[in-house]
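A closer look at the structure
The primary structure of each chain is shown beneath.
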Amino acid sequence: MPVPDDPEAEVPTGSRAPAPTVSVIVPVHNTRRYLDRSLGSVFAQTLDRRHIEVIAVDDGSTDGSAEWLAEQARRHPHLTVLRQEASGGAGKPRNAGLARATGDYVFFLDSDDRLDPEALFWLTRTAQQCRSDIVYGRIAGADGRAAPVDLRTTSARVSVFDSPVYWSLAAYKLFRRSFVERHRLRFVEGRLLAEDLPFGITALLRADVVSVFADRTCYYLHGREDNSNATRQDTDWCEYLGYIGTVLDRVAAEVPPGADRDKLMVRHFHGEILMPFGAPYLARDPAGRTAMAAAARPLVERHLTDRVLTALPPGLRLRAHCLRAGLDDELTAVVRADTATRPDPPHLGGDGRVYAGYPYFRDPRHALPDACYDLTDRVVLRQRLLRQHWVGGVLHLRGTATLPDLGGDTVEILLRRNGTTHRVPARYADGAWRAAVDPATAADGGPVPDGVWGLKIAVTAYGPGGAAGPALRREAWLVPDGDAEDAGDPGFVPRIAGRGAAGPAVAALFRSRPHGHLNLDLDGDGARRPSAAICAARRTAPAPDGPPSPPGSPSPAAPWTPDCGWSSRTRPARWHCAPRPSGPPATATPCAPCCAAARRAPGGWRCG
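Per chain, residues are indexed from 1 in the order of the written sequence. A pLDDT threshold of at least 70 governs which residues receive local features in this predicted model, and a stricter bar of 80 or more applies before side-chain atom pairs are shown or counted, although totals over entire chains, interfaces and linings include all residues. Think of the side-chain values as coming from all heavy atoms in the structure, minus any hydrogens and water.

1. Thoughts on the packing of helix H7 (residues 237-254) against helix H8 (residues 259-273)
Condition: An axis is simply a line fitted to the C-alpha atoms; with a helix, the fit covers only the stretch in contact. Between two such axes, the angle follows the N-to-C directions and lies from 0 to 180 degrees. Only DSSP runs of H or I reaching four residues or more are called helices, and only runs of E reaching two or more are called strands; each is numbered from the N terminus. For this classification, under 35 degrees means roughly parallel, over 145 means roughly antiparallel, 65 to 115 means roughly perpendicular, and everything else is oblique. Left-handed describes a crossing in which the near helix is turned anticlockwise from the far one by less than a right angle; the clockwise case is right-handed. The contact criterion used is simple: two residues touch if any of their non-hydrogen atoms lie within 4.5 Å. Polar here means any residue other than Ala, Val, Leu, Ile, Met, Phe, Trp, Tyr, Cys and Pro, which are nonpolar, and Asp, Glu, Lys and Arg, which are charged; Gly is therefore polar.
Running from amino to carboxyl end, H7 crosses H8 at an angle of 165 degrees, the nearest separation of the two axes being 11 Å. The orientation of H7 relative to H8 falls into the category roughly antiparallel. H8 is crossed by H7, and the crossing has right-handed handedness. Listed contacts from H8 to Tyr240, Leu241, Ile244, Leu248, Val251 and Ala252 of H7 are Arg261, Leu264, Met265, His268, Gly271, Glu272 and Ile273. Of the residues assigned to the contact of H7 with H8, the class counts are nine nonpolar, two polar and two charged.

2. Structural notes on helix H1 (residues 32-43)
Filter applied, for reference: Here a helix's expected span is defined as the number of its residues, less one, multiplied by 1.5 Å. Exposure categories follow from relative accessible area, calculated using a 1.4 Å probe and restricted to protein chains: below 20% of the type maximum is buried, above 50% is exposed, and the middle band is partly exposed.
For H1, which comprises twelve residues, the first-to-last C-alpha distance of 16 Å matches the rise-based estimate of 16 Å (1.5 Å per residue) to within 8%. Among the residues of H1, Tyr34, Leu35, Ser38, Leu39, Ser41, Val42 and Phe43 are the ones counted as buried. Next to the buried residues of H1 lie strand S1 (22-28), strand S2 (52-59), helix H2 (65-75), strand S3 (79-84) and strand S5 (114-115).

3. A closer look at the sheet that holds strand S6 (residues 134-142)
By definition, the strands of a sheet pair up through backbone hydrogen bonds, in either a parallel or an antiparallel sense. Heads up, the rule is: Here, any two strands with at least 2 DSSP bridges between them count as paired.
The strand order across the open sheet formed by eight strands is S3-S2-S1-S4-S7-S6-S8-S5, and the pairing between neighbours is mixed. Two strands lie at the open edges of the sheet, namely S3 and S5, each paired on one side alone. Direction of pairing for S2 relative to S3: parallel, over a ladder of six bridges. Each bridged residue has a counterpart across the sheet, and for alanine 56 the counterpart in S3 is valine 81. Sheet strands touched by helix H4 (residues 119-130): S1, S2, strand S4 (105-108), S5, S6, strand S7 (174-176) and strand S8 (210-222). Its angle to S8, the strand with the most contacts, is close to 160 degrees.

4. Concerning the confidence of the model for the chain
Quick note on the threshold: A score between 0 and 100, pLDDT records how confident the predictor is in each residue.
Of the residues in the chain, 81% have a pLDDT of 70 or more, and the chain-wide mean is 84. The low-confidence segment residues 538-608, where pLDDT is below 50, has 127 contacts with residues more than four positions distant or belonging to other chains.

5. Examining the environment of proline 425
Position of proline 425 among the secondary structure elements: in strand S14 (residues 420-425). In this structure the C-alpha to C-alpha distance between proline 425 and alanine 435, which are ten residues apart in sequence, comes to 6.9 Å. In contact with proline 425, not counting residues within four places along its chain, are Val411 and Ala435.

Below you can see the structure in the form of structure tokens.
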């Protein structure tokens, strides 16, 4: 459901239009080098500054941050600076800011990140129009740091269980302050990592309306040159896993067992439970690794259902299985394959399934089931349609396609309509393909019938046994690069295409909405696109028994019978139309092939 009104409307500045107030809370600890960027992005907001209060809480900084904030407070009356002793994490300064906040909404900005200049305007506008308790803005990574989730669709209301919002539980989003106070939401104090999890989880599970504004990036997550972001600090991972256990027990208390809870737990296995089992795990000595595995095992036993296990990628699936089964040596080998080296490439097995290349696959000395390696359902065709153009009446397509780590052996272009599929082989080499779709022969050697045909690509990869053995096949819709149709790409200009004995048709490419899938419309009588038929006829009509007329040429000098019969047929490089000497006029098909212009007339088609 889209946000009401036009999101592309002009952004008001100054005091135009009423706006709610928002309190921006910024915890600061030894981030002086980033404060010009982060606080500067708040001072540069297009939302009227009278509707913004900024609360910066210095958490015992020793690098000059407090002095810089005091100077900025003298310059910016809407900036309030609080100071406190170092607390060991962002939770306590955020709570102090919440206690001081007066805005209708609160937004939490980390002091090393920044806002887009229009972020607060769009976020508060969305909250006001949608009556949102929480509004997510689109997030982008910068300076080597990745965004936790890619929000691409603006929505007035989303479900926690059927949208990606739960994958971003960090504080950097907009909250209605009355909602925060009603549910007594506060951050865990004294923790450097995951202090915002309980706040974010409870807020999402109790909110009436969660909205997403994704029409532009609102928040930029920056990495630090010295890798000093909280998520990159050394941590007591056994203590951390014990803390995560208490957080997940809260999730289990809020959401009953079943598919919805499992969806949330998949995110927590990705983000918290199995996250330490990478470089931090390998950095420990054998005793430390054993202790980490022992700390994680109760979480796996309580929350790993078969549905959660299946939803994890093979690398995490194997970790979870090893933790639950107490296979510490196998766990170390899997982690090392991901972290210290790289797994072997996936392979297509004799059973037609694709298996990841992690250690001990089908090794009788190690009890690791095939299902932990299986990634068949995760193999996605990667493809691009680079160009579409016509040569005469034949559609030529060119692009790239591959099945990751498997490659591909054959490529076909599929024409689909109402359960019917026609296949056109493509030339394929080194990941690139070319195909020619001739409406006269693309239907298994015969003409393609009238109608709208969806265009897809199919890529097949064979195993070691070649075409005689198991194979993996994937299909995807063809989607032109960019917005070719709207940019006047000549490939989308309607034209007359011959179809042998089936007669000519107006052929037109178009993109379906909203996904942009490529479609081919073949229209024998021009009824669906009458203006396109006339334009196509003017471009392509030949002189009688002669070569095709050049674009823009006039109608033939010798007029044809006004109501000619349908007896057109193709000849090399031209059309031949034989007027019917007697009988009722034909009405099923226009005379576009033989005239430079065709229009309906009483009882038939008129050429001239």
